[in-house]
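# Secondary and tertiary structure notes
Here's the letter readout for the chains.
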Amino acid sequence: SLTMKLSLPAFLLAASAAAKERDVFHARNTANRAIRRRVQHAAEMGSLEDIDVTVSRLNSPETPRRELGIFGEVKAFGPDGICADGDEYGTLNLTQPYEPLRKPTQFYPDTDGVTRVTLKYEPIQYHGPSYSNIIRAWNNEVPGPTIHLQEGGRLELELINCHRRPDGAHGELWHNDYAVPNTTNIHTHGPHISGESPGDNIFINVGPENKTTYKYEFDRNHLPGTFWYHPHKHGSVALQVAQGAAGMMIINDNDVYPLPDDIKDMEEIQMVVQHMNLERLRESSAVSLDNITYWREDSLLDHDPFKVTN
């Protein structure tokens, strides 16, 4: 607390000096760092109520409203909802040692060369060998499903965001910090495809209770290989990927690809190695005002799902 009181004037003095030099962007960013640090500290101390004035600025009229989604809302919850809610959350239990490798769900191309995938991004109950918590995942799986593709084919991927509003910290104050924990999108690593909509556009925002459809085109000369996909929304990448939101994409070898027969006949074993950095998850969850997952071992919240088990 003492450190916070001393560091805040230092930030504001730096902002004032930058403003005198007419560096408007640097001045605003420096001042915002001071406010973000106050909110981060208050979140860590469980005293957000002490800075209601600061937090309320996030929803003030002068704060630009971010895009929630590009193809409209979905009927997520309620009697006809397509998303799980509360006690309906799926469960991922990885508590037992020496279990055989679990093979993720596999999506393959249809006869027309198009791989059609629906990913529901929603909270699930995670029980691991060291701790238990609510995490965010696609289709109740960590890692996510494996998507198979073919040269000259297409991928049509419907992404449904089954998270609720509000969306935690957002607005200009959090532009370069952990933010918008419930907003997401999809980005691929490795394939040579378009970075424009409806393809691999990292600037798409799929907000809570929204959905979008990606359409990727793969050249008929695209090399086979193993790639991966993950969320890429600026501000929430660390929180979402660190909880396990990642999956494999495989462009399969065609029949004439020059592989030795002993390689072709080998059993395929898919492995995704993931590590959940609890310290990073605690930080990103607190700063972004995440209201779904809590990662503090010393939390006093009655509904805190984080439990150290070993």
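Residues numbered from 1 in each chain as written. Predicted model: local features only at pLDDT ≥ 70, side-chain atom pairs only at ≥ 80, totals over all residues. Heavy atoms only, no water.

Time to look at the nonpolar core. With 22 residues, the main nonpolar core has L155, L157, L159 and I186 as its most contacted residues. For this core, the secondary-structure elements that each account for two or more residues are β3 (114-127), β5 (146-149), β6 (154-161), β8 (211-217), β9 (225-230) and β10 (247-251). The contact partners of L155, leaving out residues within four places of it in the chain, are T115, V117, I147, L149, Y214, K215, Y216, F218 and M249. Y131, A242, L281 and W295 belong to the second largest nonpolar core, which has twelve residues in total. (Core = buried A, V, L, I, M, F, W, Y, C linked by side-chain atoms within 4.5 Å. Buried < 20%, exposed > 50% of the residue type's maximum accessible area, 1.4 Å probe, protein only. Helix = DSSP H or I, 4+ residues; strand = E, 2+ residues; numbered from the N terminus. Contact = heavy atoms within 4.5 Å.)

A word on the pairing of β3. Pairing between strand β1 (residues 90-93) and β3: four bridges, direction parallel. Residue pairing for β3: N93 is matched across the bridge by H127. Pairing geometry for β3 and β6, over eight bridges, is parallel. In the strand pairing of β6, T115 is matched with L155. For β3 and strand β4 (residues 131-138), the ladder comprises seven bridges, and the chain directions are antiparallel. Paired with Y121 across the two strands is W138, which belongs to β4. The antiparallel hairpin formed by β3 and β4 contains three residues in its connecting segment. (Pairing = 2+ DSSP bridges.)

Turning our eyes to something else, we now look at the environment of I204. Here I204 is to be found in the loop between β7 (187-189) and β8. You can call I204 buried: its relative accessible area is 5%. As for I204 and T184, which are separated by 20 residues in sequence, their C-alpha atoms are 8.3 Å apart.

When pLDDT is averaged along the protein chain, the result is 78; 70% of the residues meet or exceed 70. Across residues 1-8, confidence stays below pLDDT 50; counting only partners more than four residues off in sequence or on other chains, it has seven contacts. In this model, residues 21-25 is a region of pLDDT below 50 whose contacts with residues beyond four sequence positions or in other chains number one contact. (pLDDT = per-residue confidence, 0-100.)

With respect to the secondary-structure elements, V237 resides in helix α4 (residues 237-242). In this structure V237 comes out as partly exposed when scored by relative accessible area, which is 26%. Placed 52 residues apart in sequence, V237 and N185 show a C-alpha to C-alpha distance of 9.4 Å. With sequence-adjacent residues up to four places away left out, V237 is seen in contact with P231, H232 and A242.

This part takes up helix α6 (residues 278-287). Here α6 has its buried residues at L281, R282, S284, S285, A286 and V287. The N-terminus of α6 is capped by N277, whose side-chain oxygen sits 3.1 Å from the backbone nitrogen of E279. Phi turns positive one or two residues past the end of α6, at L289, with a value near 60°. (Polar contact = N/O pair within 3.5 Å; in protein donor to acceptor, adjacent residues only side chain to side chain.)

Walk down a regular strand and you will see the side chains alternate between the two sheet faces. In this sheet, β8 lies alongside β6 in antiparallel orientation, the contact comprising seven bridges. Within the sheet, the bridge partner assigned to L159 lies in β8 and is T212.

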